[in-house]
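Results of the structural survey
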Amino acid sequence: MGKDVIIACDFPSAEETLAFLDRFEGKKPFVKIGMELFYAEGPEIVRAIKARGYRIFLDLKLHDIPNTVKKAMAVLSRLDVDLCNLHAAGTAEMMRAALEGLTRPDGTRPLLIAVTQLTSTDQEALERELLIEQPIDEVVLAYAENAKRAGLDGVVCSPLEAEKVHARCGAGFLTVTPGVRFADGDRGDQKRVMTPAQAKAIGSDYIVIGRPITAAADPVAAYERCCAEFID
Ligand code: C5P
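Residue numbering note: each chain is counted from 1, following its sequence as written. Per-residue local features are limited, in this predicted model, to residues with pLDDT of at least 70; the limit for side-chain atom pairs, both in listing and counting, is 80 or more; totals at the level of whole chains, interfaces and linings are taken over all residues. Where side-chain values are given, they derive from all heavy atoms of the structure, hydrogens and water being excluded.

**Digging into the pairing of strand β2 (residues 30-33)**
Burial of the side chains of β2 extends over both faces: Phe30 and Lys32 are buried on one face and Val31 and Ile33 on the other. Any two strands are treated as partners once DSSP identifies two or more bridges connecting them. The helix count covers DSSP runs of H or I at least four residues long, the strand count covers runs of E at least two residues long, and both are numbered beginning at the N terminus. Two elements, strand β1 (residues 4-8) and β2, share 3 bridges in a ladder whose sense is parallel. Its bridge partner lying in β2, Ile6 is registered against Phe30. Handedness is read with the strands pointing away from the viewer; a crossover is right-handed when the path from the first strand over the helix to the second is clockwise. The parallel pair β1 and β2 is bridged by helix α1 (residues 14-22), and the resulting crossover is right-handed. Sheet topology note: the β2/strand β3 (residues 56-62) ladder contains 3 bridges and is parallel. When the sheet's bridge partners are listed, Val31 is paired in β3 with Ile56. Accessibility here uses a 1.4 Å probe with only protein chains present; expressed as a share of the type maximum, an area under 20% marks a residue as buried, one over 50% as exposed, and anything in between as partly exposed.

Next comes the structure, spelled out in structure tokens:
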């Protein structure tokens, strides 16, 4: 899998999601299914989107004891998703168990990436609530290294961290970056943003972009613009 644009399908129902995807006609964008849609519609929405030929990033951010995560990952693997994730804070043992669970009897498995620190966590919350005193950049890089040592394929990170993650963990370690906005677009609640062209320049492997496409008057044109800036 090379560089690609992943559309965050943050819709509350299967009906709205499938109607949105139908607008793309022959095209099959990579789509992200998050907690809202998955909890509303269950695994059936994953099967329905997969049956239509889309690649799926199932963004459920697992974090539990290793055995529970291993078994949950085995279920996600049978759903035939392409990419899924967990929290690196669950420890290397949990990440290794997740990989075991994900690996199918024929040796294939979806890609697995780790959330390092959520971009909604700032230095103050890190210190006061999580009692972690290191600078947040260092924490992100250390968690990314743990994920790499555990055998994972990459991390979800802010576009501003992608370059450092590649420098520390190697160019082949995937960086999947949300927080993408067009230069002339609305930022919404995203604070630290980059344009698709900037994300390309700093070496993001995948960008995750939701509202600039899902809320656009012409989502297909917005998606094509994003691909033109990021991939071409
Ligand atoms: O609409 P927007 O482009 O902001 O959507 C970004 C998507 O990426 C959302 O699904 C959001 O939950 C997800 N995400 C994020 N920041 C993170 C992790 C995930 O925006 N740190």
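Now, onward.
**Things to note about the side chain of Thr195**
Secondary-structure assignment places Thr195 in the loop between β7 (174-177) and α9 (196-201). Overall, the relative accessible area of 14% leaves Thr195 in the buried class. In this view, Thr195 contacts Val180, Arg181, Phe182, Ala183 and Glu229; residues no more than four positions away in its chain are not counted. Contacts are assigned to residue pairs that have any heavy atoms within 4.5 Å of one another.

**Here's the deal with the site of the ligand**
Working definition: residue near molecule or strand if any one of its non-hydrogen atoms lies within 4 Å of it. Around the ligand, the neighbouring residues are Ala8, Asp10, Lys32, Thr119, Pro178, Arg181, Gln190, Val208, Ile209, Gly210, Arg211 and Pro212. Between the ligand and Lys32 there is a distance of 2.9 Å, counted from an oxygen atom to a side-chain nitrogen or oxygen. In protein, a polar contact means a hydrogen-donor-capable atom and an acceptor-capable atom, both N or O and within 3.5 Å, with residues adjacent in sequence counting only if both atoms are side-chain atoms; elsewhere, any N or O pair within 3.5 Å suffices. Arg211 is positioned such that a nitrogen or oxygen atom in its side chain is 2.7 Å from an oxygen atom of the ligand. Mapped onto the shell around the ligand, the elements with two or more residues apiece are β8 (206-209) and α10 (211-214).

**Description of the packing of helix α4 (residues 66-78) against helix α5 (residues 92-102)**
Between α4 and α5, the shortest axis-to-axis distance is 7 Å and the interhelical angle comes to 30°. Comparing their axes, α5 and α4 come out roughly parallel. For α4 against α5, the interelement crossing comes out right-handed. Here Pro66, Val69, Lys70, Met73, Ala74 and Ser77 of α4 come into contact with α5, specifically with Glu93, Met94, Ala97, Ala98, Glu100, Gly101 and Leu102. Throughout, the ten residues Ala, Val, Leu, Ile, Met, Phe, Trp, Tyr, Cys and Pro are labelled nonpolar, Asp, Glu, Lys and Arg are labelled charged, and all others, Gly among them, are labelled polar. Across the contact of α4 with α5, the residue classes break down as 8 nonpolar, 2 polar and 3 charged. Note on method: axes are straight lines fitted to C-alpha atoms, helices fitted across the in-contact stretch only, with angles between N-to-C directions ranging 0 to 180 degrees. Note on terminology: angles under 35 degrees are roughly parallel, angles over 145 are roughly antiparallel, angles of 65 to 115 are roughly perpendicular, and the others are oblique. In this scheme the crossing of two helices becomes right-handed for a clockwise turn of the near helix relative to the far one and left-handed for an anticlockwise turn of less than a right angle.

**Looking at the nonpolar core**
General note: in soluble globular proteins, nonpolar side chains tend to be found buried as a group. Counting 66 residues, the largest nonpolar core has Val46, Ile49, Met73, Leu86, Leu112, Leu152 and Ile213 as the members making the most contacts within it. Filtering out sequence-adjacent residues up to four positions away, Met73 remains in contact with Leu62, Cys84, Asn85, Leu86, Ala98, Gly101, Leu102 and Leu112. By nonpolar core we mean a set of buried residues, namely Ala, Val, Leu, Ile, Met, Phe, Trp, Tyr and Cys, connected to one another through side-chain atoms within 4.5 Å. Within the second largest apolar cluster, 12 residues are counted, among which are Phe57, Leu83, Leu174 and Tyr206.

On their own, these measurements won't tell you what the molecule is for.
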